[in-house]
Structure formats: structure tokens, C-alpha cells
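Single-letter residue listing:
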Amino acid sequence: MLVELVPIDLISATEEIDIVHQQELCKIIKSSGFWIHPIIIHDEQLFVMDGHHRLASAKQLNLSLIPAVKLNYREVEVSSWREDYVINEQVIFKMYNQKKLFPHKTTKHIFPTPLPECL
């Protein structure tokens, strides 16, 4: 898996975030001065599969590029953290195309191998 720098304005969120968690993460990134975990984005549509809080923090910090790994649903399984949602690839694409966000912690992406770090 390749970590690459992707222009932040090309990446779209698919879920809402917990603002308290995002603010804490933003402080950690700012104080440490480096990025550890890349976000995971869909390889064609460039929407976030994992890393919504990191994306929001990068936007708050006015970063123009963000480390990311591009994957697709041939490599990634998806389900829901919530019992009241049925999540699959088609549901995610429908919400993405309608420019709607899922509630925080709705989609659960399961990756095939350990994800790389940026260090």
C-alpha cells in the first residue's frame, strides 16, 4: 500500500465528526509537528473511508496536502457500527452522490492488511 500526498480540496467526507475528538486530534497533530496515520480514501471518488477526524483537523490547520492511501471496495469490506443502519458499498455511494453525511461512527471499514504509517 502506497501512502501519497493528496490535495485536501479533492477529498470528501462521508460522515459527521465528533468535534471534541477532532479538536483534541488537531492539538496533537499541531504539537507533534508530524502526521502518523494516513487517511484511507476511495481510489476513484476520493471520499474518506477512514480518517474523518484527521481530515477535519487538516482542514482546520490549513494544510493543502494530506497523506492518504487509496483503496476500493474490491479490497475493503464495509458494515455498520450502528444496529439501525444497513451499510454496503451501494448505500455509501448513494449518500456520497447526494452529498449527504452519515452520522458519526456509522460506517465500519475493514481493511485487508495492516495499514502503513507515515513515519
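Anything mentioned here points back to the structure above.
Definitions and cut-offs
- Residues numbered from 1 in each chain as written.
- Predicted model: local features only at pLDDT ≥ 70, side-chain atom pairs only at ≥ 80, totals over all residues.
- Heavy atoms only, no water.
- Helix = DSSP H or I, 4+ residues; strand = E, 2+ residues; numbered from the N terminus.
- Rg over C-alpha atoms; globule rule 2.2 N^0.38 Å.
- Buried < 20%, exposed > 50% of the residue type's maximum accessible area, 1.4 Å probe, protein only.
- Contact = heavy atoms within 4.5 Å.
- Areas by Shrake-Rupley, 256 points an atom, 1.4 Å probe, with all protein chains shown as cover.
- Lys, Arg positive; Asp, Glu negative; His and termini not counted.
- Charge placed at Lys NZ, Arg CZ, Asp CG, Glu CD.
- 1 Å grid on protein atoms, 1.4 Å probe; cavity = no way out; pocket = protein on both sides within 12 Å on 5 of 7 lines; lining within 4 Å.
- Points joined across faces, edges and corners; volume = space filled by probe spheres on them.

K.L.:
Which residues make up the overall build of the chain, and what values do they have?
P.N.:
Regarding its fold elements, the chain presents 3 helices and 6 strands. Written out in order from the N terminus, the α and β elements of the chain read β-α-β-β-α-β-β-α-β. At 14 Å, the chain has a C-alpha radius of gyration in line with the 14 Å of a compact globule built from 119 residues. The buried share of the chain, taken over its 119 residues, is 39%. In the chain, of all internal contacts separated by at least 6 residues, the share reaching a separation of at least 24 is 78%. In the structure as shown, the chain presents an accessible area of about 7200 Å², 53% of it carried by carbon and sulfur atoms. Charge separation in the chain, taken as the distance between the mean sites of 12 positive and 15 negative side-chain charges, equals 5 Å.

K.L.:
Lay out the layout of surface pockets with the relevant residues and their values.
P.N.:
The calculated volume of the largest pocket comes to roughly 310 Å³. Elements with a contribution of two residues or more to the lining of the largest pocket: α1 (19-32), β3 (48-50), α2 (52-60) and β6 (107-110).

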